[in-house]
Amino acid sequence: MTTLKAKLQADLNAAIRERDELRSSTLRLTITAITKEEVAGKTKRELSDDEVQKVIAKEAKKRREAADAFAQGGRLESAEREKAEGVILDAYLPKQLSDEELDGIVAAAVEEAKAGGAEGPRAMGAVMKIVNPKVAGQADGGRVAASVKKLLAG
């Protein structure tokens, strides 16, 4: 068992002992998603910590999107619960980049792409290829794309 998955399991056991319903249900759903990912495909495999982190990030993103949908639908109690679940999952993810840090990385990538001959809004793909490996797990793809568009537009 990977160290991150083992930590999730240990935290789940602690949450159950403490009778923390929100934390235990969130961790249960996350461990289920990890297990589902492990058995997907033709053969069962054990996920690495990076792959587990990607599953957790996907689950956290689902919670953010659900919270937004509930808030727009006027179901504020459900939106608050989804936000709280997202906060629990964020504790298991690497620290997210601030907007200034992200803009700095994107600006360097834009310069690198321009040196390679990519110009204007059409350079989006080239810049994203440079930026994505540098910010993997530290920034949401939507934030990265918005920052790239903003800098390419001028």
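Read on for a plain summary of the structure. It should be emphasised that the depicted structure is a prediction, and the values quoted were computed from it without experimental measurement.

Reading the values: the criteria
- Residues numbered from 1 in each chain as written.
- Predicted model: local features only at pLDDT ≥ 70, side-chain atom pairs only at ≥ 80, totals over all residues.
- Heavy atoms only, no water.
- Axes fitted to C-alpha atoms, helices over the stretch in contact; angles between N-to-C directions.
- Helix = DSSP H or I, 4+ residues; strand = E, 2+ residues; numbered from the N terminus.
- Parallel < 35°, antiparallel > 145°, perpendicular 65-115°, else oblique.
- Left-handed = near helix turned anticlockwise from the far one by under 90°.
- Contact = heavy atoms within 4.5 Å.
- Expected span 1.5 Å × (residues − 1).
- Buried < 20%, exposed > 50% of the residue type's maximum accessible area, 1.4 Å probe, protein only.
- Arc of directions from axis to C-beta.
- Salt bridge = Lys/Arg side-chain N within 4 Å of Asp/Glu carboxyl O.

In this section: the packing of helix α5 (residues 99-115) against helix α6 (residues 124-135). Where α5 contacts α6, the axes come no closer than 9 Å and their chain directions differ by 140°. As far as their axial angle goes, α6 and α5 are oblique. Here the hand of the crossing between α5 and α6 comes out right-handed. Packed against α5, whose contacting residues are Leu 102, Ile 105, Val 106, Ala 109, Val 110, Glu 112 and Ala 113, the element α6 presents Ala 126, Val 127, Ile 130, Val 131, Lys 134 and Val 135 at the interface.

Here α6 contains 12 residues, and its C-alpha end-to-end distance of 16 Å stays within 8% of the 16 Å for a straight helix at 1.5 Å per residue. Residues of α6 that are buried include every one of Met 124, Val 127, Met 128, Ile 130, Val 131 and Val 135, and no others. Down the axis of α6, the sector holding all buried residues measures 170°, keeping them to one side. What points out from α6, more than 90 degrees from its buried face, is the exposed set Lys 129 and Pro 133. The inward-facing, buried residues of α6 abut α5 and α7 (141-153). Looking at the residues trailing α6, positive phi occurs at Gly 137, about 80°.

Within the structure shown, the criterion is met by 11 salt bridges. Note that Lys 58 is salt-bridged to Glu 37, the shortest N-O span being 4.0 Å. Linking Lys 58 in helix α3 (residues 49-72) with Glu 37 in helix α2 (residues 21-39), this pair joins segments that are 21 residues apart in sequence. Under the relative-accessibility criterion, Lys 58 is labelled partly exposed at 44%. The partner of Arg 63 in a salt bridge is Glu 59, and the shortest N-O contact between them spans 3.0 Å. Taken as a pair, Arg 63 and Glu 59 lie in helix α3 at a separation of four residues, close to a single helical turn. Salt bridges here are not isolated pairs; linked through shared partners, they connect Glu 21, Glu 59, Lys 62, Arg 63, Arg 81, Glu 82 and Glu 85.

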